[in-house]
Amino acid sequence: NIVTDKISTVSLSLKNGSSYTGAINTANTAKSIAVTLDSTSSWVVTANSYITTFSDTDGISGTTITNITGNGHTVYYKSSANSSLGGKTYTLVGGGTLKPV
């Protein structure tokens, strides 16, 4: 898991077939968390997570995120920092959602 405090800034970039299994900022304490995925990479979520910005140009199909497995968990994103997501809620593979907080 990626654990942070109020002065921490994290940038997680998954590229070239990489994968991450775990939660991010579950206590919602980070100053900023940026997550970027390319179409060949994936994230398997293990607990509700809080991020600031999210970029997944090729992994979004309609209102579904195709390269995040949610396992019934919610990934919250900061709506004001993600104009490209339009404040929408997205379904994750395997259950769960990506939604604004």
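Everything numeric in this text was worked out from a predicted model, so none of it was measured.

As for its placement among the helices and strands, Lys6 is situated in the segment before strand S1 (9-14). The class for Lys6 is exposed, based on a relative accessible area of 68%. As for Lys6 and Ser39, which are separated by 33 residues in sequence, their C-alpha atoms are 31 Å apart. Contact partners of Lys6, with chain neighbours within four places excluded, come to Thr29 and Lys31.

Note on placement: Ser41 falls in the loop between strand S3 (32-37) and strand S4 (42-44). Among the residues examined, Ser41 registers a relative accessible area of 3% and is labelled buried. Polar contacts involving the side chain of Ser41 include one to the main-chain amide nitrogen of Gly17, which spans 3.4 Å. Of the polar contacts made by the side chain of Ser41, one reaches the side chain of Asp38; its length is 2.9 Å.

Attention now goes to the pairing of strand S8 (residues 64-69). Where S4 and S8 come together, two bridges link them in parallel fashion. In the strand pairing of S8, Val44 is matched with Thr69. In this sheet, S8 lies alongside strand S7 (residues 60-61) in antiparallel orientation, the contact comprising two bridges. Considered in S8, the bridge of Ser61 is made with Thr64. Looking at chain direction, S8 and strand S10 (residues 90-93) are connected through three bridges and run parallel.

We now examine the sheet that holds strand S6 (residues 53-55). Spatial ordering of the open sheet is given by S1-S3-S6, a layout of three strands whose pairing is parallel. Among the strands making up the open sheet, the edge pair consists of S1 and S6. Taken over all neighbouring pairs, the strand axes of this sheet differ in orientation by 5 degrees on average, direction set aside. For S1 and S3, the ladder comprises six bridges, and the chain directions are parallel. Considered in S3, the bridge of Ser13 is made with Thr36.

Another aspect to go through is the pairing of strand S9 (residues 74-77). On S9, burial covers both faces: Thr74 and Tyr76 on one face and Val75 and Tyr77 on the other are all buried. Where strand S5 (residues 49-51) lies against S9, three bridges are found, and the strand directions are parallel. When the bridges of S9 are listed, Tyr50 appears paired with Tyr76. As judged from the four bridges shared by S9 and strand S11 (residues 97-100), these two strands associate in the parallel manner. Bridge pairing links Val75 to Leu98 in S11.

About the cut-offs
Residues numbered from 1 in each chain as written. Predicted model: local features only at pLDDT ≥ 70, side-chain atom pairs only at ≥ 80, totals over all residues. Heavy atoms only, no water. Helix = DSSP H or I, 4+ residues; strand = E, 2+ residues; numbered from the N terminus. Buried < 20%, exposed > 50% of the residue type's maximum accessible area, 1.4 Å probe, protein only. Contact = heavy atoms within 4.5 Å. Polar contact = N/O pair within 3.5 Å; in protein donor to acceptor, adjacent residues only side chain to side chain. Pairing = 2+ DSSP bridges. Axes fitted to C-alpha atoms, helices over the stretch in contact; angles between N-to-C directions.

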